[in-house]
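Coordinate inspection notes
Here's the letter readout for the chains.
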Amino acid sequence: MAAARAYLDWNATTPLHPAARAAVMAALDCLGNPSSIHAEGRAARALMEQARADVAALVGGEAENVVFTSGATEAANALFRAGVSGCCGKDIAGDLRPMVSAIEHAAVFAAAGPDAAIIPVDDRGIIDADALDAMLAAGAPALVAVQLANNETGVVQDIPALARIVHDNGGALVVDAVQGPGKMPVDIRALGADAIFLSAHKFGGPKGVGAIVFADSRARLARAFIGGGGQERGQRGGTENLPGIAGMGAAARAVRAAREAPEKMIQLRDEFESRLNRLAPDARVVSENAPRLPNTTLFAIPGIPAEKALIAFDLDGVAVSSGSACSSGKVRASHVLAAMGEHDWVKAGAIRVSIGEATEWNELERCLSSLERQLARRSKASAA
Ligand code: PLP
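Now for a description of the structure that goes with this document. (Residues numbered from 1 in each chain as written. Predicted model: local features only at pLDDT ≥ 70, side-chain atom pairs only at ≥ 80, totals over all residues. Heavy atoms only, no water.)

Attention now moves to the overall build of the protein chain. Counting its regular elements, the protein chain contains 14 helices and 15 strands. For the protein chain, whose C-alpha radius of gyration is 21 Å, the value lies close to the compact-globule estimate of 21 Å for 384 residues. Considering only C-alpha atoms, the protein chain reaches an extent of 75 × 55 × 35 Å along its principal axes. Counting all 384 residues of the protein chain, 54% fall into the buried class. Counting only contacts in the protein chain whose residues sit at least 6 apart along the sequence, the fraction spanning at least 24 positions is 72%. Within the structure as shown, the protein chain displays about 16000 Å² of accessible surface, and the carbon and sulfur contribution to it stands at 55%. When the 38 basic and 43 acidic side-chain charges of the protein chain are each reduced to a single mean position, those positions are 4 Å apart. (Helix = DSSP H or I, 4+ residues; strand = E, 2+ residues; numbered from the N terminus. Rg over C-alpha atoms; globule rule 2.2 N^0.38 Å. Buried < 20%, exposed > 50% of the residue type's maximum accessible area, 1.4 Å probe, protein only. Contact = heavy atoms within 4.5 Å. Areas by Shrake-Rupley, 256 points an atom, 1.4 Å probe, with all protein chains shown as cover. Lys, Arg positive; Asp, Glu negative; His and termini not counted. Charge placed at Lys NZ, Arg CZ, Asp CG, Glu CD.)

The structure is reproduced here in structure tokens:
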């Protein structure tokens, strides 16, 4: 029997946590509509409200400030397209200027629209706080979106500092915290964000469910992004995805319990990077010296293009990713690496290895063995 594959693409999606699977299955058998007032409806609502409390607890928020969505993409679109009101105790529902960093996920760029101002980053992938300050001071109050951690490089931003700048300039800050849970603590108050958003499948929950969490009970979407029956306190119409929501809640609880996971990931990641450097001293680990998630290594090796490497890894039973997630199955040049001013060979060769709490060293070993074979082929090709 062929050995199991090594799944090293946890930033793209994570395996369903057993507790999340159990919660999804139980919710599938929950008959009621959470909006119904009879016993069946109340049972469904109780499941949903438990999940709401669990998601809030994961990020140090309040259950009443959680709005369930179909994922982070919908959350970002709702925040920008419906607008926010009541942030920081003020009503800033009016026409806030959209402003996003240059390394945001495609969902955030699309949500903010083509007129959004783009905040630059430095060559390590850190958002330029001075540029943000100057951009905010130069115009009307803005709705600013920045990431907690980048899905490609793993670089973690100093959100509290950015939040102070945004608030000093009368704006509101939303944080794409999708890559945080399971890898680093996420506390909405410590971050100083007005709202954060999450996607369940990035931390052991099912796909197609996520949430916006507002920091303040006065804050909300200025209008329903999806109109309907008034669900989610009038902010998101449509009968709720109860199995997804229950699964997200269970995953949130499991992540909170797995406190030692980041420590284990750091050890594996560091050992992987030191073995990588020994195997290929000319390899470049992107943003090596920036604050990074404990689970992400983005690297490139001269003479090994990402497209070729991805296929070679796959044939060797190793699932990794090129820098950018590729919805069409094609590897696109990464806008993140472009914004950081990375070399062309790095953009052409960036491979992302992202691990999770269940990753074992033998999976990384398998990845390194595949890389060793690819390096041998590179040497042969250059000798020919
Ligand atoms: N933001 C970040 C940082 C992500 O990594 C992703 C998914 O790749 C998203 C947003 C979008 O999440 P979803 O596709 O689950 O809506």
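Past the structure itself, the notes keep going.
Right, let's talk about the site of the ligand for a bit. Taken together, Gly 71, Ala 72, Thr 73, His 105, Asn 151, Asp 176, Val 178, Gln 179, Ser 199, His 201 and Lys 202 are the residues near the ligand. For the ligand, an oxygen atom lies 3.3 Å from a polar atom in the side chain of His 105. One of the side-chain N or O atoms of Lys 202 is found 2.6 Å from an oxygen atom in the ligand. Classifying every residue of the shell around the ligand by side-chain character gives two nonpolar, seven polar and two charged. (Near = heavy atom within 4 Å. Polar contact = N/O pair within 3.5 Å; in protein donor to acceptor, adjacent residues only side chain to side chain. Nonpolar A, V, L, I, M, F, W, Y, C, P; charged D, E, K, R; others polar.)

Ordered in space as 11-12-15-14, the four strands form an open sheet in which the pairing is antiparallel. Each having just a single partner strand, strand 11 (284-285) and strand 14 (321-322) make up the two edges of the open sheet. Packing of helix 11 (residues 306-315) onto the sheet brings it into contact with strand 14 and strand 15 (351-354), and relative to strand 15 it is tilted by some 40°. (Pairing = 2+ DSSP bridges. Axes fitted to C-alpha atoms, helices over the stretch in contact; angles between N-to-C directions.)

Moving on, we get to the pairing of strand 7 (residues 172-176). Successive residues of a regular strand alternate their side chains across the two faces of the sheet. Most of strand 7 sits inside the fold, with five of its five residues counted as buried. Every second residue of strand 7 is oriented toward a common face, with Ala 172, Val 174 and Asp 176 on one face and Leu 173 and Val 175 on the other, all of them buried. In this sheet, strand 7 lies alongside strand 6 (residues 142-147) in parallel orientation, the contact comprising five bridges. The partner of Val 144 across the bridge, within strand 7, is Leu 173.

Strands pair in a sheet through their backbones, by hydrogen bonds, and they do so in one of two ways: parallel or antiparallel. With mixed pairing, seven strands are arranged side by side in an open sheet as 2-9-8-7-6-4-5. Because the sheet does not close on itself, it has two edges, and the strands there are strand 2 (66-69) and strand 5 (117-119). Averaged over all pairs of adjacent strands, the angle between strand axes in this sheet comes to 20°, irrespective of strand direction. With four bridges connecting them, strand 4 (residues 97-101) and strand 6 associate as parallel partners. Paired with Met 99 across the bridge in strand 6 is Val 144. In the packing of helix 2 (residues 39-58) onto the sheet, the strands contacted are strand 2, strand 8 (195-199) and strand 9 (210-214), and the crossing angle to strand 2 comes to about 110°. Contacts from helix 5 (residues 129-137) reach strand 4, strand 5 and strand 6, with the element oriented near 170° to strand 4.

This next bit is on helix 14 (residues 361-383). Over its 23 residues, helix 14 extends 33 Å from the first C-alpha to the last, a length consistent with the 33 Å expected when each residue adds 1.5 Å. Buried residues along helix 14 sit against strand 1 (6-7), helix 10 (261-279), strand 12 (296-300), helix 11, strand 13 (318-319) and strand 15. (Expected span 1.5 Å × (residues − 1).)

A contiguous patch of negative charge on the surface is contributed by Asp 122, Asp 123, Asp 128, Asp 130, Asp 133 and Asp 168. Tracing the chain through its elements places Asp 128 in the loop between strand 5 and helix 5. On the accessibility criterion, Asp 128 (31% relative accessible area) is partly exposed. (Patch = residues over 30% accessible without salt bridge, like charges linked within 9 Å, V, L, I, M, F, W, Y side chains within 5 Å. Salt bridge = Lys/Arg side-chain N within 4 Å of Asp/Glu carboxyl O.)

Within the secondary structure, Thr 359 is located in the loop between strand 15 and helix 14. On the accessibility criterion, Thr 359 (1% relative accessible area) is buried. A polar atom in the side chain of Thr 359 sits 2.8 Å from the backbone nitrogen of Gly 356. Residues within four places of Thr 359 in sequence aside, it is in contact with Leu 8, Trp 10, Lys 264, Leu 268 and Leu 364.

Excluding glycine, residues mostly have negative phi values, and the peptide bonds linking residues are mostly trans. One non-glycine residue, Glu 232, lies in the positive phi region at around 50°. Tracing the chain through its elements places Glu 232 in helix 8 (residues 231-234). Glu 232 gets classed as buried once you look at its relative accessible area, which sits at 7%. One non-glycine residue, Arg 233, lies in the positive phi region at around 50°. By secondary structure assignment, the location of Arg 233 is in helix 8.

Turning to the environment of Ala 193, a few remarks are in order. Locating Ala 193 in the fold gives a position in the loop between helix 7 (188-191) and strand 8. Each C-alpha atom, one on Ala 193 and one on Leu 173, is 5.3 Å from the other, the two residues being 20 residues apart in sequence. With residues near it in sequence (within four places) discarded, Ala 193 still touches Leu 173, Val 175, Ile 188 and Ala 215.

The geometry of helix 11 relative to helix 14 is characterised by a closest axis approach of 10 Å and an angle of 130° between their N-to-C directions. The angle between helix 11 and helix 14 places the two elements in the oblique class. Considering only the axes of helix 11 and helix 14, their crossing is right-handed. Between helix 11 and helix 14, the residues in contact are Ala 309, Ala 312 and Phe 313 and Cys 367, Ser 370, Leu 371, Gln 374 and Arg 377, respectively. Class assignment of the residues belonging to the contact of helix 11 with helix 14 gives a composition of five nonpolar, two polar and one charged. (Parallel < 35°, antiparallel > 145°, perpendicular 65-115°, else oblique. Left-handed = near helix turned anticlockwise from the far one by under 90°.)

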